[in-house]
Amino acid sequence: MATIYLIRHGQASFGKENYDQLSSKGWEQGRALGRWLKNKVTPAAVFGGNMERHRETVEAITSGFGESLPNMQSVEGFNEFDHTQVVERYRPEWADREKMARDLAAFPKPASAFQQAFEKAMGRWVGGEHDDEYAETWPHFRARVLAALDELIEYVDGGDVLVSTSGGPIAVIAQHLLQLSDRKTLEMNSVIANSSVSRVLYSGPRRTLAVFNNYSHLEAEDPSLVTFR
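Heads up: these notes are all about the structure in this document. (Residues numbered from 1 in each chain as written. Predicted model: local features only at pLDDT ≥ 70, side-chain atom pairs only at ≥ 80, totals over all residues. Heavy atoms only, no water.)

1. Focus on the overall build of the protein chain
Thinking step 1. Broken down by element type, the protein chain carries nine helices and six strands.
Thinking step 2. Its C-alpha radius of gyration of 17 Å places the protein chain within 12% of the 17 Å reference for a compact globule of 229 residues.
Thinking step 3. For the protein chain, the spread of C-alpha atoms along the principal axes amounts to about 50 × 35 × 25 Å.
Thinking step 4. Carbon and sulfur atoms form 49% of the exposed surface of the protein chain, whose accessible area is close to 11,100 Å². (Helix = DSSP H or I, 4+ residues; strand = E, 2+ residues; numbered from the N terminus. Rg over C-alpha atoms; globule rule 2.2 N^0.38 Å. Areas by Shrake-Rupley, 256 points an atom, 1.4 Å probe, with all protein chains shown as cover.)

Right under this line is the structure:
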């Protein structure tokens, strides 16, 4: 059986003007993963969403890998959902980033406060009662991720593949393969580490989730590299 390595992008630049860029820690996470992958896998192809953080993660992996990898082929289906819209439909006033920053700064742990709000916003989106407010509904998001997975497998037709993507698509693929509820899927999504690796084994129509959210490469090099946002 061949393997699809689903890689969550390195840490993005939360709170910065361009969130989509990797942070300095995100670059190091990607390089650490590249060093770990070397001598373990020779990918037949590399795919990724077309977001900047997906492309930069592949660049960081290549740097750590120490030799050329196949050029990344962009697949929109592996993009993350619009987390900005999901949050703003739950808290419309947070469309003003300065207002959001002030609100969060009032909490002893702003990052934890944001995470709690984000989880509620996700629950609202996934619940389906407000689908008319979102450009992409939860069912549509799931469908396009799974369609991208099907198309990738058909295109590659065997061989190991790296996929640079985000937590949402990884959680959706895990949900599909394990037949999980939406609630369990959201719980899984919240613990997917930056630059972690989940492995899907495939052969013809058979697909199995063999590994989920492995970030031992970070723990082995420097535990402070482990991040979830």
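2. Things to note about the pairing of strand 5 (residues 197-203)
Thinking step 1. Note: strand 1 (residues 2-8) against strand 5, six bridges, orientation antiparallel. Considered in strand 5, the bridge of Tyr5 is made with Arg199.
Thinking step 2. Alignment of strand 5 against strand 6 (residues 206-214), held across six bridges, turns out to be antiparallel. By the bridge assignment for strand 6, Tyr202 is matched with Arg207.
Thinking step 3. Where strand 5 folds back onto strand 6 in an antiparallel hairpin, the turn is made up of two residues, including Gly204, whose phi is positive at roughly 60°. (Pairing = 2+ DSSP bridges.)

3. Some words on unusual backbone geometry
Thinking step 1. In this structure, Gln179 is a non-glycine residue whose phi angle is positive, near 55°.
Thinking step 2. Here Gln179 lies in the loop between helix 7 (167-178) and helix 8 (182-189).
Thinking step 3. The phi dihedral of Asn213 is positive, around 60°, even though this residue is not glycine.
Thinking step 4. Counting through the fold element by element, Asn213 comes out in strand 6.
Thinking step 5. Asn213 sits in the buried class, given a relative accessible area of 11%. (Buried < 20%, exposed > 50% of the residue type's maximum accessible area, 1.4 Å probe, protein only.)

4. Side note on the sheet that holds strand 1
Thinking step 1. Strands sit in the order 3-2-4-1-5-6 across an open sheet of six strands; the sheet is mixed. Pairing within the sheet leaves two strands with one partner each, and these edge strands are strand 3 (72-74) and strand 6. Neighbour to neighbour, the strand axes of the sheet diverge by 20° on average, direction disregarded.
Thinking step 2. Contacting strand 1, strand 2 (45-48), strand 3 and strand 4 (161-165), helix 2 (residues 52-65) crosses the sheet at an angle of about 135° to strand 4. (Axes fitted to C-alpha atoms, helices over the stretch in contact; angles between N-to-C directions. Contact = heavy atoms within 4.5 Å.)

5. Quick notes on the nonpolar core
A general trend in soluble globular proteins is that nonpolar side chains are found buried together.
Thinking step 1. Among the nonpolar cores identified, the biggest contains 44 residues, and Ile4, Phe47, Trp125, Leu152, Val163 and Ile173 are the most heavily contacted of them.
Thinking step 2. Considering each element in turn, this core owes the most residues, nine residues, to helix 6 (residues 138-156).
Thinking step 3. Counting 12 residues, the second largest nonpolar core, distinct from the first, contains Ile7, Val46, Ile61 and Leu69. (Core = buried A, V, L, I, M, F, W, Y, C linked by side-chain atoms within 4.5 Å.)

6. Side note on the pattern of salt bridges
Thinking step 1. Going through the model one piece at a time under the given rule, you end up with 15 salt bridges.
Thinking step 2. We note a salt bridge from Glu88 to Arg97, for which the minimum N-O separation is 3.0 Å.
Thinking step 3. The salt bridge involving Arg91 is made with Glu93; its shortest N-O contact spans 2.5 Å.
Thinking step 4. Judged by relative accessible area, Arg91 falls into the partly exposed class, the value being 25%.
Thinking step 5. Overall, the relative accessible area of 32% leaves Glu93 in the partly exposed class.
Thinking step 6. In the salt-bridge network here, residues are joined through shared partners; they are Glu28, Arg31, Arg35 and Glu221. (Salt bridge = Lys/Arg side-chain N within 4 Å of Asp/Glu carboxyl O.)

Keep in mind that these numbers describe shape and distance, not what the molecule does.
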